[in-house]
Amino acid sequence: MNTRSSKRTEPRENEAYTVGFVFSTSTQSYPVKDDTMPKTTFHHLPAEKKHRILSAARDVYAKVPFKDLTISMVVEKADIARGSFYQYFEGLEDLYRTLFEDALESFESHAAKLIDRTGKIDMFTFFKKSFPHDYAYMKDTRGHTLFRKFFKERHLFGVAFDFLQQRHNESYRRIMSRLDMAALDHMEPHDKLRTYRVCNHLKFQLLNKVLQNQATYEAAYDDFLFYLSLIEKGATDQDGSDFN
């Protein structure tokens, strides 16, 4: 995927990023060419070696700013030859775009496990159950810190905001396709996605407070259920009678 952009990619004033997830009301898709990251040889590696390289890159990136990273740091941590690195990636930029995709895929898989366990539930029930589910995941993997760092430093490795937004929208749509969305059938597809995004943003905003010791888990979960109920009431009220 071509994630480079000639446009300015530093954070815009109207962008927000909470615990690794882009929040925007836009559901627009953007054309992206499939001509970067990573090389075919990387895809042909055994799963264990691919995991080792990405895990090493993740560990290194967690400790130093992207501008201070070197290929030597990554290959030493991954225990691979420097020449091998260039067989797999064009450079650090390609590696870290690959790392972003891997992290997003991992979180989507995590969400799918909850749906597998609960069956096809409605979107609002899914969010209620996903709060503790995601909290456990984030405590275990610290993936939210990685996503947040991706967003802050994306301009350093050639990733435009629109690309991040598109990737998240694609992931959300796949998750939504496995949920019972009948309560929102009166909405246009893009409005369903916007509603999902608002719920998701609320959840991670509150989880972020817990992880940063700014709120207790119990208080954050109570707030989440309260605000989620308001969103559900508004989203499922087709004639607006509840607000008259």
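These lines cover the structure that appears in this document, whether it is placed above or below. Counting starts from 1 at the beginning of each chain's written sequence and moves along it residue by residue. Two thresholds apply to this predicted model, a pLDDT of at least 70 for residue-level local features and 80 or more for giving and counting side-chain atom pairs, whereas whole-chain, interface and lining totals are computed over all residues. To get the side-chain values, take all heavy atoms of the structure and skip hydrogens and water.

**A word on the overall build of the protein chain**
Then step 1. Within the protein chain one finds 10 helices and 2 strands.
Then step 2. When the helices and strands of the protein chain are listed from N to C terminus, the series reads β-β-α-α-α-α-α-α-α-α-α-α.
Then step 3. A buried classification covers 47% of the 244 residues belonging to the protein chain.
Then step 4. Contact between two residues is taken to exist if any of their heavy atoms lie within 4.5 Å; hydrogens are not considered. Put simply, of all contacts in the protein chain between residues at least 6 apart along the chain, 77% involve residues at least 24 apart. Working definition: helices are DSSP H or I runs of at least four residues, strands are E runs of at least two. Numbering for both runs from the N terminus. Note on classification: 1.4 Å probe, protein chains only; a residue is buried when its accessible area is under 20% of the maximum for its type, exposed when over 50%, partly exposed between these limits.

**Regarding the packing of helix 2 (residues 47-63) against helix 5 (residues 92-118)**
Any two packed helices are characterised by how steeply their axes cross, that is the angle between the axes, and by the distance between the axes.
Then step 1. Packing of helix 2 against helix 5 leaves a shortest axis separation of 10 Å and a crossing angle of 100 degrees. Between helix 2 and helix 5, the crossing angle belongs to the class labelled roughly perpendicular. Here Leu54, Ala57, Arg58, Val60 and Tyr61 of helix 2 lie close against helix 5, whose contacting residues are Leu95, Tyr96, Thr98, Leu99 and Asp102.
Then step 2. In the scheme used here, Gly and all other residues not listed as nonpolar or charged are polar, with Ala, Val, Leu, Ile, Met, Phe, Trp, Tyr, Cys and Pro taken as nonpolar and Asp, Glu, Lys and Arg as charged. When its residues are assigned to classes, the contact of helix 2 with helix 5 shows 7 nonpolar, 1 polar and 2 charged. Here, axes are lines fitted to C-alpha atoms. For helices the fit covers the stretch in contact, and angles between N-to-C directions go from 0 to 180 degrees. An angle below 35 degrees is read as roughly parallel, one above 145 as roughly antiparallel, one from 65 to 115 as roughly perpendicular, and any other as oblique.

**Notes on the nonpolar core**
The tendency in soluble globular proteins is for nonpolar side chains to be buried side by side.
Then step 1. We define a nonpolar core as any set of buried Ala, Val, Leu, Ile, Met, Phe, Trp, Tyr and Cys residues linked to one another through side-chain atoms lying within 4.5 Å. The biggest cluster of nonpolar side chains holds 34 residues, and the ones touching the most others in it are Ile53, Tyr61, Phe85, Leu92, Leu95, Tyr96 and Phe150.
Then step 2. Elements with a minimum of two residues in this core: helix 2, helix 3 (71-78), helix 4 (82-88), helix 5, helix 7 (143-153) and helix 8 (161-176).
Then step 3. Looking at which element gives the most residues to this core, the answer is helix 5, with 7 residues.
Then step 4. Core analysis: the second largest hydrophobic core is formed by 33 residues, Leu114, Met181, Leu207 and Ala220 among them.

**Focus: the pattern of salt bridges**
Then step 1. We define a salt bridge as a side-chain nitrogen of Lys or Arg found within 4 Å of a carboxyl oxygen belonging to Asp or Glu. As enumerated under the stated definition, the model contains 13 salt bridges in all.
Then step 2. The closest approach of N and O atoms between Asp68 and Lys67, which form a salt bridge, is 3.4 Å.
Then step 3. Residue Lys67 is classed as exposed on the basis of its relative accessible area of 62%.
Then step 4. Among the salt bridges present, the one from Glu232 reaches Lys128, with a minimum N-O distance of 4.0 Å. Here Lys128 lies in helix 6 (residues 123-141) and Glu232 lies in helix 10 (residues 217-236), a separation of 104 residues in the sequence.
Then step 5. Exposure remark for Lys128: the relative accessible area of 32% places this residue in the partly exposed category.
Then step 6. Taken together, the shared-partner salt bridges connect Glu101, Arg167 and Glu170 into one network.

**Overview of unusual backbone geometry**
Then step 1. Its identity is not glycine, yet Asp79 carries a phi of approximately 60 degrees, on the positive side.
Then step 2. For Asp79, the position within the fold is in the loop between helix 3 and helix 4.
Then step 3. Although it is not a glycine, Asn213 sits at a positive phi angle of roughly 60 degrees.
Then step 4. Within the fold, Asn213 resides in the loop between helix 9 (189-211) and helix 10.
Then step 5. The class for Asn213 is exposed, based on a relative accessible area of 71%.

**Side note on the environment of Asp180**
Then step 1. On the secondary structure map, Asp180 appears in the loop between helix 8 and helix 9.
Then step 2. The spacing of Asp180 and Ile121 is 59 residues in sequence and 5.4 Å in space, taken between C-alpha atoms.
Then step 3. Among residues more than four places away in sequence, those in contact with Asp180 are Lys120, Ile121, Asp122 and Met123.
Then step 4. Under this definition, polar contacts are N or O atom pairs within 3.5 Å; protein pairs additionally need one hydrogen-donor-capable and one acceptor-capable atom, and for neighbouring residues in sequence, both atoms have to be side-chain atoms. Separated by 3.1 Å, the side chain of Asp180 and the backbone nitrogen of Ala182 make a polar contact.

**Points about the packing of helix 5 against helix 8**
Then step 1. One can describe the packing of helix 5 onto helix 8 by two numbers: an axis separation of 10 Å at closest approach and a directional angle of 20 degrees. Judged by the inter-axis angle, helix 5 sits roughly parallel to helix 8. The interaxial crossing formed by helix 5 with helix 8 has right-handed handedness. Listed contacts from helix 8 to Phe100, Glu101, Leu104, Glu108, Ala111 and Ile115 of helix 5 are Phe163, Leu164, Arg167, His168, Ser171, Arg174 and Ile175.
Then step 2. Within the contact of helix 5 with helix 8, the residues separate by chemical class into 7 nonpolar, 2 polar and 4 charged. Here a crossing is taken to be left-handed if its near helix is turned anticlockwise relative to the far helix by less than a right angle, and right-handed if that turn runs clockwise.

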